[in-house]
Amino acid sequence: MTTNEVIAKVKRLPAVSQAALKLVSLLDQPAVSNEDVVTVLKYDDVLTAKLLRACNSPYFGFEEKIFSVEQAVLILGHQQILHMVLSLAFGGAMSTTLPGYAIEARELWSHSVTTAVAAEQLAKNGLPMELEPPVAFTAGLLHDIGKLALNQVLDADAQSAIRSRIAQSQFPRNLAEREVLGTDHAEVGARLLETWRLPDEIVEAVANHHHPVSTPVPKLSAVIHVSNGLVHLIGSTLGWDCYAMTVDARANQALAVTPQKLESLMIEVHDSAKQVEHFMNLA
Ligand SMILES: [Fe+2]
Ligand SMILES: [Fe+2]
């Protein structure tokens, strides 16, 4: 099957807020004003209502109640608003069980949020390329979204063929999918993001998160690859994918992630547990 054939077979694609997608597409633009962000969000009443409820939650502990999107954007800033909007827009769909992947409810969401926090942290700590932390966060959050679609075409035969390739031939998960289905969750995820018109940099990162581009200049895919590996290392379970996970040493090298840096990153991500929990609760 080609990627397009798989997507055509998928019956239920996550219905994602257009306002959230528009907000992500703004990441591509050089200067985004508060007004731009407010204008985009105001199109979506449901998202706005959820956002205001989240802004007034005990997590933030603001003394004054936030009544409008204008106020929320002004007080919380673009980055925090993007985090919350993405969590509200994707958290529900990504919290379902995925039997084709042996993924329990909320496992994919937890894995994705932790990868997003790790990628953002990596971007903040300095990389040998220019990368905005919100872009890293978004790509991290959406890197495995193709699993939502591919899960729907994974019948029992395909599941057991993939499982035996991983168990007997030590295939990484994406290669086993490619052999059995003709495509993999990274490719399917990237096509979904393309349909949603998300920035090319994020589409590339999702497409290549299992075989990252590290030369001549490392790309965002290398950042997501390393973050994904780091999250598996700190023990975020994800079906039996964790047993088929390998990290490309060239990606670590290209990003100058030494064993010491990896260790401090793991501690930082671990310390962000409260933040991760907050995102999880928004779903
Ligand atoms: Fe993946
Ligand atoms: Fe992953």
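Here the structure is a predicted model, which is why all the values come from computation and not from measurement.

**Describing the packing of helix α6 (residues 107–124) against helix α16 (residues 273–282)**
Working step 1: Across the interface, α6 lies against α16 with an axial gap of 10 Å and an inter-helix angle of 135°. The angle between the axes of α6 and α16 places the two elements in the oblique class. The element α6 and its partner α16 pack so that their crossing is right-handed. On α16, the residues touching W109, S110, V113, T114, V117 and E120 of α6 are Q275, V276, F279 and M280.
Working step 2: Split into classes, the residues belonging to the contact of α6 with α16 amount to six nonpolar, three polar and one charged.

**With respect to helix α9 (residues 156–169)**
In an α-helix, one turn spans 3.6 residues; hence positions three or four apart end up facing the same way.
Working step 1: With 14 residues, α9 extends 19 Å from end C-alpha to end C-alpha; this agrees with the ideal 20 Å at 1.5 Å per step.
Working step 2: Looking at the buried side of α9, the elements it contacts are α10 (173–181).
Working step 3: Backbone geometry just after α9 places Q170 at a positive phi near 50°.

**Remarks on the layout of surface pockets**
Working step 1: Of the volumes computed, that of the largest pocket is approximately 300 Å³.
Working step 2: Tallying contributions element by element places helix α5 (residues 69–90) first for the lining of the largest pocket, with three residues.
Working step 3: Of the residues assigned to the lining of the largest pocket, the class counts are eight nonpolar, three polar and two charged.

**Structural notes on the coordination of the iron ion (ligand 1)**
Working step 1: Taken together, D144 (OD), H185 (NE2), H209 (NE2) and H210 (NE2) make up the full set of protein donors to the iron ion (ligand 1), lying 2.2 Å away.
Working step 2: If you look at the iron ion (ligand 1), its four donor atoms make angles of 83 to 172° with each other, and the shape they trace is irregular.
Working step 3: For the iron ion (ligand 1), all donor residues lie on one chain, and their spacing in sequence is D-x40-H-x23-H-H.
Working step 4: For the pair the iron ion (ligand 1) and the iron ion (ligand 2), the metal-to-metal distance amounts to 3.9 Å, and D144 bridges them.

**Side note on the nonpolar core**
Working step 1: Residues F90 and L220 are the most contacted members of the largest nonpolar core, which totals 93 residues.
Working step 2: Looking at which element gives the most residues to this core, the answer is α5, with twelve residues.
Working step 3: Discounting residues that sit within four places of it in the chain, L220 has contacts with M129, L131, V135, A136, A139, E201, I202, E204 and A205.

**Some points on the packing of aromatic side chains**
Working step 1: Applying the stated rule across the entire model yields four aromatic pairs.
Working step 2: Ring geometry for F60 versus F62: centroids 5.5 Å apart, planes at 0°, classification stacked.
Working step 3: Residue F60 is classed as buried on the basis of its relative accessible area, which comes to 16%.
Working step 4: Classification of F62 by relative accessible area gives partly exposed; the value is 34%.
Working step 5: On the numbers, 5.9 Å between centres and 55° between planes, the contact of F90 with W196 is tilted. Of this pair, F90 sits in helix α5 while W196 sits in the loop between α11 (185–195) and α12 (200–207); the two residues are 106 residues apart in sequence, bridging distant segments of the chain.
Working step 6: Of the aromatic side chains, those joined through ring pairs into one cluster are Y59, F60 and F62.

**Let's talk about the coordination of the iron ion (ligand 2)**
Four donors placed tetrahedrally about a metal ideally form angles of 109.5 degrees, and six donors placed octahedrally ideally form angles of 90 or 180 degrees.
Working step 1: Note on the iron ion (ligand 2): its protein donors are H111 (NE2), H143 (NE2), D144 (OD) and N228 (OD1). The metal-donor distances range over 2.2 to 2.5 Å.
Working step 2: Relative to the metal, the four donor atoms surrounding the iron ion (ligand 2) lie at angles of 79 to 174°, and the coordination shape comes out irregular.
Working step 3: In the primary structure, the donors to the iron ion (ligand 2) are separated according to the pattern H-x31-H-D-x83-N.

**Looking at the pattern of salt bridges**
Working step 1: For the coordinates displayed, the defined rule picks out ten salt bridges.
Working step 2: A salt bridge links K124 to E120, with the nearest nitrogen and oxygen atoms 4.0 Å apart. Residue K124 and its partner E120 are both found in helix α6; the two are separated by four residues, about one turn of the helix.
Working step 3: Where E187 meets R178, a salt bridge forms, and the shortest distance between an N and an O atom there is 3.8 Å.

**So, the environment of T195**
Working step 1: Its location among the elements puts T195 in helix α11.
Working step 2: Taking the C-alpha atoms as reference, T195 lies 34 Å from F60; in sequence the two are 135 residues apart.
Working step 3: A polar atom in the side chain of T195 sits 2.6 Å from the backbone oxygen of R191.

Rules of the game
- Residue numbers here run from 1 along each chain, matching the order of that chain's written sequence.
- Chain labels run from A onward and ligand labels from 1 onward, assigned in the order the entries are written.
- Under the rules for a predicted model, residues below a pLDDT of 70 receive no local features and side-chain atom pairs below 80 are neither given nor counted, while totals for whole chains, interfaces and linings still include all residues.
- With hydrogens and water set aside, each side-chain value is computed from the structure's full complement of heavy atoms.
- Angles here are taken between N-to-C directions and fall from 0 to 180 degrees, while the axes themselves are lines fitted to C-alpha atoms, restricted in helices to the stretch in contact.
- Numbering of helices and strands starts at the N terminus; helices are DSSP runs of H or I of at least 4 residues and strands are runs of E of at least 2.
- Angles below 35 degrees are treated as roughly parallel, those above 145 as roughly antiparallel, those between 65 and 115 as roughly perpendicular, and all remaining angles as oblique.
- Two helices cross in a left-handed way if the nearer one is turned anticlockwise from the farther one by less than a right angle. They cross in a right-handed way if the turn is clockwise.
- The contact definition used throughout considers only heavy atoms, calling two residues in contact when any of these lie within 4.5 Å.
- Three classes are used: nonpolar for Ala, Val, Leu, Ile, Met, Phe, Trp, Tyr, Cys and Pro, charged for Asp, Glu, Lys and Arg, and polar for all others, with Gly counted as polar.
- By this rule the span expected of a helix is its residue count minus one, scaled by 1.5 Å.
- Think of a 1 Å grid over the protein atoms and nothing else: a 1.4 Å probe that fits but is trapped marks a cavity, an open set flanked by protein within 12 Å on at least five of seven lines marks a pocket, and residues with an atom within 4 Å of a point count as lining.
- Grid points are joined across faces, edges and corners, and a volume is the space filled by probe spheres set on the points.
- Because no water is among the atoms considered, metal sites can look incomplete, with donors defined as N, O and S atoms within 2.8 Å of the metal, or 3.2 Å for Na, K and Ca.
- Labels for metal geometry use angle windows, namely 85 to 135 degrees for all angles of a four-donor tetrahedral site, and for square planar (four donors) or octahedral (six donors) sites opposite donors over 155 degrees apart plus all others within 65 to 115; sites meeting none of these are irregular.
- Here, nonpolar core refers to any group of buried Ala, Val, Leu, Ile, Met, Phe, Trp, Tyr and Cys residues whose side-chain atoms link them within 4.5 Å.
- A 1.4 Å probe rolled over the protein chains alone gives each residue an accessible area, and that area as a share of the maximum for its type sets the label: buried under 20%, exposed over 50%, partly exposed in between.
- The pairing test for Phe, Tyr and Trp rings, Trp by its six-membered ring, is centres within 6.5 Å, and the orientation test on the planes gives stacked under 30 degrees, edge-to-face over 60, and tilted for anything in between.
- When a carboxyl oxygen of Asp or Glu lies within 4 Å of a side-chain nitrogen of Lys or Arg, that pair is called a salt bridge.
- Side-chain atoms alone can form a polar contact between residues adjacent in sequence; in general such a contact is a pair of N or O atoms within 3.5 Å, and within protein one must be able to donate a hydrogen while the other accepts it.

Distances and angles like these do not, on their own, reveal function.
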